[in-house]
Structures are given as structure tokens and as C-alpha cells.
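Structural characterization, general
Spelled out, the chains give:
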Amino acid sequence: MHDRPADRDGAAAAPAAPHHDDPAAADGRAEHAASAAHPAHESGCACPTTADLDGDGIAAASRRTFLRGAGVLGATAAATGLLGAAPAFAAPGAPGAPAAPAGGNADDPYGQTTMSPAPRGTWNPDPDDPRFTVVVMPDTQYMFDQDRIHPRPMEASFRYVLDPAARRGGYDENIVFLAHLGDVTQNGQAEEYAAATKVFAMLDRAGASYGVLAGNHDVSSDDQRGSTPYLDTFNPARARKSPSYHSSSPDGYNTSHIFRAGGRSWLLLSLDWRLSDKGFAWANAVIKDNPTLPVIVTTHEIVGSDDDGTAGLSGYGQQMWDRLIKDNDQVFLTLNGHYWPPGSTVMKNSAGNDVHLHITNYQDRYYGGTGMIRSYRFDLNRGRIDVTTFSPWMRELAAQGELNTLAAQELELTSPVDTFSMEIDFDRRFAGFAPVPPRAERPARRMVVPGTLAYWRFEGGAEGGDVAASTVVRDQAGHGNDLVVQQAPNSPAHALTWTGDHHPDQPAHGSLVLAGQGNPVSGAYFRTVDSAPLNSETFARGYTFEVFFKVPSDWDGGHNGWSAMLSRGGSAGKAGKGGPTSTAEEPVLTLSLSSSIELQWNAYPLNLPGATTAWSHLLQQEEWWHVAVVNDGRVSKMYVNGCEEGRNPSTPAVGLTSLGLPFLVGGYEWNGAIDQVFHGTIGDIRIVDRPLPISQFMNAR
């Protein structure tokens, strides 16, 4: 909460004029720096305190009247400006609370100055769910400002965090941490913390994982300042109650937290608004002592933002970047308040990796920000963090029909700086300090489950080397369903090569690269030998076909569409199939890719005159995929990466038609002649004569 520093100290992309958390200092104008009515803040910034605690101004006088009315300010306290032992803003019924609390008009939801009775909250995050939320709460100082005490907005936000039953089925179903970004109070005075501490006690009672830090309105100077009302309230003894607590700096103003989420541990630093040399040393040591953990840095000031949301380092932010962030590759996200408007930037650290730096602050908005929170919704499966900003208090008032016209605008903020998504390949981003070990190769014998008719692995060749025309790929199931090379006419050199590239969950760490096409046809592929028993198999009891594959970036629908990874010789017409869903010239079985890169399983069952077809969604290029087609003797289903697709047929389909001709790997015939050769990479292939559960697929963990 400070105006733009006069010297950015070399800050990159510094915003032209970020706003201070106190409008009186918005442009750093000298006339607002200090006055008798508004003395300068002790931190040395241009922002004034709201009023002299014991001065002659209206605010101070009304404060004394308020405290006396609450039965808190005695004669001695009135003379000295000190509070009595009992907090002025205790909840009704709490120890030390007045019999008739000065809580404002009970019928006025905007005028409540005390907490409402709240049930004990619940804290039970799922540490293994790949979807989880870190909640961020920025500057709340205008809710705890001398006699202007309004805890209800923060209380509503904490109620939201501590009510998983109410959130069930929503985006924030799994909240794992709450981070406050500093400036808990406006003036850093004991009576302000007496009110704030009771709201934070909601988190303590529930055993929640949370962090809080001091902003420039909570304290002055750096973290070696010694005792303050802030530290009396948020000290290491209190922090230790949090299940995520890891350590505190010797001065007590900096804490580290380790929480479990998405099946791994994460380190979050809650750092004082001004680190001393000792503070920087402590923070760097904590990161060094936890070398494999991703790190989120929270503090009060790092970046400020222009009105368009473009953020840049402040002068102190440059120090944070130089002394803590840029050389610690584990730091991937920083969160701070202090300035407004909200904004973000991405900077490259010394390792060349992205660091996302965000400024979040809503105190300039109606009702001091209405206890606004920001949800950082991690989805490790999708590789994204979805960010949204809203006020639980406004939601509560909306449900009660109590929204006024200004409050209605604070329900949820949907501008691009308040609601957005960040793409992060977490495994790749964290690989420099926490690499994911590749899955070990699994021996063929482990993949030959009962009922395996054929299992082919493509390994042993030199990387990029041509597959010799004499190559025989043995059936690892031991049934003699071996593969031999076939070449289409006019095929170019290097039409079929070896590669070590493979799906990360593929049992064998080798594959085939096929440089084939159609229109005109060219390329090389494999087929089963004429004596293979698989050629005549009809799969009357059901089946499971599995293939690993990858589509290259130069895939062309006109030349490569409708090529097959696996097909069977013999046309539907020759097999006597003539139903309304039949095409006489097409193969009796094919697992193909459409011109739009959709998987298609097109097969002629024994019990039908036509084909039955299953489809996938559109697939991305340059990604490895696993497909399985499973038939239980009646119904066929397609699975992609172990996930059942929605375009599966419901028509009963028994077995597969056979003309006793070979299976083709990478080849597709039309009217009995080769018409297409696959363009892409093919890994392990397995064919089983029974339906397998997902847990037994080759890609299963």
C-alpha cells in the first residue's frame, strides 16, 4: 500500500503509476504526506494514518465515544489512549464481551461491527487430488481501522473456506491453503488486532493451513523492528498451530509453510513487507533446505500494475527479484498486495524458466474490498491454474436479498486481470529441481496376461535407423503371430525407421516411425505371417485391442486421413456383408484416424450384416496416445488414455469377421489392395481374447 517509488532501482517494465492503498497518497503528492489531522505513517511511506489515536479530530473523538459505550475504555485508558484488557469487538457471548454489544443495527447488514456467532469450521483437504485451490486474501485494513471495525466481510470469506460441504461440487471443492498478503489493519494498533484476531481464530479453531504476513500499515521498518502489536497477534506460537507450519525466522516476522496437494509437497513463504539481510538469508536457507519443493512467495510488495493490468517490479520488488527469486528456480509464483489495480507479469529466472508475478488488491473498491478473495485453482492434469476473484460476503447478501447497487458490482470480478488462466506444464517447469523419474521399461512377460493372443514391441534398432526389409518382429505372446515388413510401390527411402521415442507409460521403450501416405500410396508397414493363428481368430468371447501412437505435426488430412494403425485383410463385400452400414470395399476391421484426427474403430461383427463403429474426440498432434477397444461379447467400447469415450455404439456386436487374411500394422487396404500407409509413430500393440478392465491396460499405473 504505497505510491509508486521515486526510484525503481532498475526494475523491469515498471508500471507508470500504481495506486497506493490510501487514496490520499495516490500520486505521492507532498500535501498528502503528513498533516496534523493525518500524520505520516511510521513506515516512511507517503500514506497517512487515518487519525491520531488520541487527537482532537472527529474520528478520534468518535472512537473514544464508541469504546466507552462498549464498556471498554476506562478512565485510565481514556487518559493514556490505551485499551483496557477486554477487546472492544468481542463476539456476543465471548469472554470479556459486554452484555449488550455495540454491534451496530442488527437490521443493517452493512453496519455490523461485531462478528456473528459462527459454528466451528471444517478443514479436510484431499492431499492427493490433482485439483486443488490456494485462496489469497489481500489488504483488509479498511475493515480494521480504529473505530471503523467491520469484520463481517472477512468472516464470510473464512466461512467459505471452512465450509467444504457448501462448496461440494464447485470449483473450490478442495481448498488446501489460505494466504493473507498483509495490511491486516490500517494503523497497526492493538485494538484493531483485537478485532482481527477473533476472525482469524476461526481458522485456528478449524485447524486450517494458512499464512499471514505484515504489511506497511501493520508495521514499520524491516523485520528486525522487534515487538509490535502485529507480532503480539501473529507470532510463531500461533503459526505453529497451523498443520502446514514449517518454520519461522528468529525475529518471528517470516514464516514458511509446507502443504500437501496434488500428491506432492509445496513450500509457501509468508514474508515480511521489508526483509532485512537476515530475512533474505533465512528465506534463501529455507528454500535450500527443501530443494525439491515448488515455491510460492507471498509478501506485501513486489510488483505494481498499470491500469491495463501490466505489472512491473517496484524498487523493493527488484531487490526481492535479485536477492531471492531469480536464482531460486523453485519459485514459480509470487503474490503480493499493497498496490492497485491488480495485474501480472511473467519474467524469466536465471534458469530460463517462467516466474509468474501477481499483484492482488481490492481495498480501493466498495466497502474496502468486501473481503474479496482470489482463488488459484490448480489442475495438475490440465496443466493450468484458473484464477477467479469474488466476495463470499456479497454472495451471502445476495442470497438474503440485501445487495445494494454498489455491492452488486462486487459479487464477482470478471475483468481479464481478475479472472484468467495460466498454462503451466508442471512436470516440465519443476524438472530442474524435482524431475519426474521416467517409468521403467517393463519386461514383455509381464504384459502377456491370460488370453493374450499377440503382443508386439518395436525395439532394438538404432535411433533413426531404417527397418531392414528382412526384419521380423516376434510375437512376444509366443503364439507365432509374427510380423514381417511390406513395402508399397514407389516408397521413398527411410519410409520405416526405429526410434526410442515412446509413450511415458509404454512397457517397451522403442517404437516405429512410419512415413507413409495415400493419394498416391507410399510407405512401408508390417503384416502378420500367413501362418499366424491370429488371422482366423473370430473373438466370439470378446476382445481387447490396444495401441500406443503419436501423430506428427506434419500430418495432412488429404494424404494421411483414414490411414490405419491396425487393420485386417479382406473386404466387407468378400465377407458377404451387405447391410445398410456396410461398404463393400472397406476392410472387415480397422482402427484408423480420420482426416480430422479422430480415432475410428470400424469392425464387422459376426452377428451383424453391417459395421459397428466407435469414435473418439479430436486428438492433438505431437502427443502420445493410448487407445483400447474392448468388447465383452456384446458391446464394444473405446478408451483413450484409459478414459471411456462417449461415441461408443450400443448395438450388440458379437465377435469379429475373418477371411483368414493377415492383420496389418500401419497398412490399410481398399478392395483388397493397399491404399494407405500410416503417417506417425506406433508403439506397443497387444491383442487379448477377452475384455480387460482399465486397471489391466498396458498404460495402467
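Residues numbered from 1 in each chain as written. Predicted model: local features only at pLDDT ≥ 70, side-chain atom pairs only at ≥ 80, totals over all residues. Heavy atoms only, no water.

Examining the confidence of the model for the protein chain
Caution applies to low-pLDDT regions: their predicted coordinates should not be interpreted in detail. What counts, and what does not: By definition, pLDDT measures how confident the predictor is in each residue, and it falls between 0 and 100. Two residues qualify as a contact provided that any one of their heavy atoms is within 4.5 Å of a heavy atom in the partner residue.
Chain-level pLDDT for the protein chain is 87 on average; 85% of the residues reach the 70-or-more range. Low pLDDT (under 50) marks residues 1-14, which in the prediction has 60 contacts with non-local residues, meaning those over four places away or in another chain. In this model residues 21-44 is a low-confidence stretch, pLDDT under 50, and it forms 59 contacts with partners more than four residues away in sequence or in other chains.

Structural notes on the pairing of strand 16 (residues 384-390)
Operational definition: Categorising residues by exposure relies on relative accessible area from a 1.4 Å probe, with only protein chains included: less than 20% of the type maximum marks a residue as buried, more than 50% marks it as exposed, and the intermediate range marks it as partly exposed. Every helix listed is a DSSP run of H or I at least four residues long, and every strand listed is a run of E at least two residues long, numbered separately from the N terminus. A pair of strands is considered paired only if DSSP assigns at least 2 bridges between the two.
Along strand 16, 5 of the 7 residues are buried, which leaves the element largely enclosed by surrounding structure. In this structure, strand 15 (residues 373-379) lies alongside strand 16, joined through 7 bridges in antiparallel fashion. Bridged to Arg377 within strand 16 is Asp386. The loop that links strand 15 with its antiparallel partner strand 16 comprises 4 residues; one of these, Gly383, has a positive phi angle of about 65°. Where strand 16 lies against strand 18 (residues 420-423), 4 bridges are found, and the strand directions are antiparallel. Bridging from a neighbouring strand, Asp386 pairs with Ser421 of strand 18. Bridge count between strand 16 and strand 17 (residues 412-413): 2 bridges; the pairing is antiparallel. Each residue of the ladder has a partner; that of Phe390, found in strand 17, is Glu412.

Here we look at the nonpolar core
Quick note on the threshold: Side-chain atoms within 4.5 Å are what join buried Ala, Val, Leu, Ile, Met, Phe, Trp, Tyr and Cys residues into a set we call a nonpolar core.
Counting residues in each nonpolar core, the largest one holds 50 residues, and the members touching the most others are Trp456, Phe458, Phe545, Leu591, Leu593, Leu599 and Trp601. Broken down by element, this core gets its largest block of residues, 4 residues, from strand 25 (residues 543-550). When sequence neighbours within four positions are dropped, the list of residues in contact with Leu591 reads Val547, Ala564, Met565, Leu566, Leu599, Gln600, Trp601, Val627, Val629 and Met638. With 35 residues, the next largest nonpolar core counts Met137, Phe158, Tyr160 and Leu203 among its residues.

Overview of the packing of helix 3 (residues 152-161) against helix 5 (residues 190-206)
Any two packed helices are characterised by the angle at which their axes cross and by the distance between the axes. Here is the rule: Inter-axis angles, ranging from 0 to 180 degrees, are taken between N-to-C directions of lines fitted to C-alpha atoms, where helices are fitted over the stretch in contact. Each angle receives one of four descriptions, namely roughly parallel if under 35 degrees, roughly antiparallel if over 145, roughly perpendicular if within 65 to 115, and oblique otherwise. Each residue is assigned to one class: nonpolar for Ala, Val, Leu, Ile, Met, Phe, Trp, Tyr, Cys and Pro, charged for Asp, Glu, Lys and Arg, and polar for all the others, Gly among them.
The N-to-C vectors of helix 3 and helix 5 enclose an angle of 5°; their axes lie 9 Å apart at closest approach. When the axes of helix 3 and helix 5 are compared, the pair comes out roughly parallel. For the pair formed by helix 3 and helix 5, the contact residues are Met154, Glu155, Phe158 and Arg159 on the first element and Val199, Phe200, Met202 and Leu203 on the second. A breakdown of the residues in the contact of helix 3 with helix 5 according to their chemical character gives 6 nonpolar, no polar and 2 charged.

Remarks on the side chain of Asn349
Secondary-structure assignment places Asn349 in the loop between strand 13 (343-348) and strand 14 (354-359). What Asn349 contacts, discounting residues up to four positions off in sequence, is Trp321, Lys326, Asp329, Val355 and Arg429.

Some thoughts on the sheet that holds strand 7 (residues 255-261)
In spatial order, the strands read 6-7-8-9-12-14-13; together these 7 strands make up an open sheet with mixed pairing. A strand with exactly one partner marks an edge of an open sheet, and here the two such strands are strand 6 (245-248) and strand 13. Looking at each pair of strands side by side, their axes are set apart by 20° on average, direction ignored. Relative to strand 14, strand 12 (residues 331-336) is paired through 4 bridges, and the arrangement is parallel. The residue bridging Asn336 from the neighbouring strand is Ile359, located in strand 14. Each of strand 6, strand 7, strand 8 (264-270), strand 9 (295-299) and strand 12 is contacted by helix 8 (residues 277-289), which is oriented at about 180° to strand 8, the strand it contacts most.

Focus: the sheet that holds strand 27 (residues 587-593)
Read across the sheet, 8 strands follow the order 20-21-24-33-26-27-28-29 without closing on themselves; strand pairing throughout is antiparallel. Lying at the two open borders of the sheet, with one neighbouring strand each, are strand 20 (472-473) and strand 29 (612-618). Pairing of strand 24 (residues 524-528) with strand 33 (residues 663-665), which is carried by 2 bridges, proceeds in the antiparallel orientation. Within strand 33, the position partnered with Phe526 by the bridge is Val665.

Description of unusual backbone geometry
The linkage connecting Trp340 with the following residue, Pro341, adopts the cis geometry, with an omega of 5°. Looking at the element boundaries, Pro341 is found in the loop between strand 12 and strand 13. That bond from Asn519 to Pro520 is cis: its omega, 0°, falls within 30 degrees of zero. Inspection of the secondary structure assignment puts Pro520 in the loop between strand 23 (511-515) and strand 24. One non-glycine residue, Ser221, lies in the positive phi region at around 55°. By the element assignment, Ser221 lies in the loop between strand 5 (210-211) and helix 6 (229-233). Residue Ser221 is classed as partly exposed on the basis of its relative accessible area, which comes to 39%.

Comments concerning helix 9 (residues 315-325)
Buried residues dominate helix 9, accounting for 8 of its 11 residues. The set of residues buried in helix 9 consists of Gly315, Tyr316, Gly317, Gln318, Met320, Trp321, Leu324 and Ile325. As for helix 9, its buried residues are in contact with helix 8, strand 9, strand 11 (311-313), strand 12, strand 13 and strand 14.

Observations regarding the packing of aromatic side chains
We count it as follows: Between the rings of Phe, Tyr and Trp (Trp by its six-membered ring), a pair exists once the centres lie within 6.5 Å; its type follows the angle of the planes, with under 30 degrees stacked, over 60 edge-to-face, and the other angles tilted. In our convention, an over-ring charge means Lys NZ or Arg CZ found within 6 Å of a ring centre and within 35 degrees of that ring's normal.
Taken as a whole, this structure holds 34 aromatic pairs when the rule is applied. With a centroid separation of 6.0 Å and 55° between ring planes, the pair formed by Trp266 and Phe332 is classed as tilted. Taken as a pair, Trp266 in strand 8 and Phe332 in strand 12 lie far apart in primary sequence, 66 residues in all. The exposure class of Trp266 is buried, given its relative accessible area of 1%. The ring of Tyr160 is capped by Arg167, whose NZ or CZ atom sits 5.9 Å from the centre of that ring. Across from the ring centre of Tyr253, 4.5 Å away, lies the NZ or CZ of Arg225, which sits over that ring.

Section: the pairing of strand 1 (residues 131-137)
Burial within strand 1 is extensive, with 6 of its 7 residues counted as buried. As paired strands, strand 1 and strand 15 are joined by 6 bridges and run antiparallel to one another. Among the inter-strand pairings, Val136 is bridged to a residue of strand 15, identified as Arg374. The sheet contact formed by strand 1 and strand 4 (residues 175-180) spans 5 bridges and is parallel. Among the inter-strand pairings, Met137 is bridged to a residue of strand 4, identified as His180.

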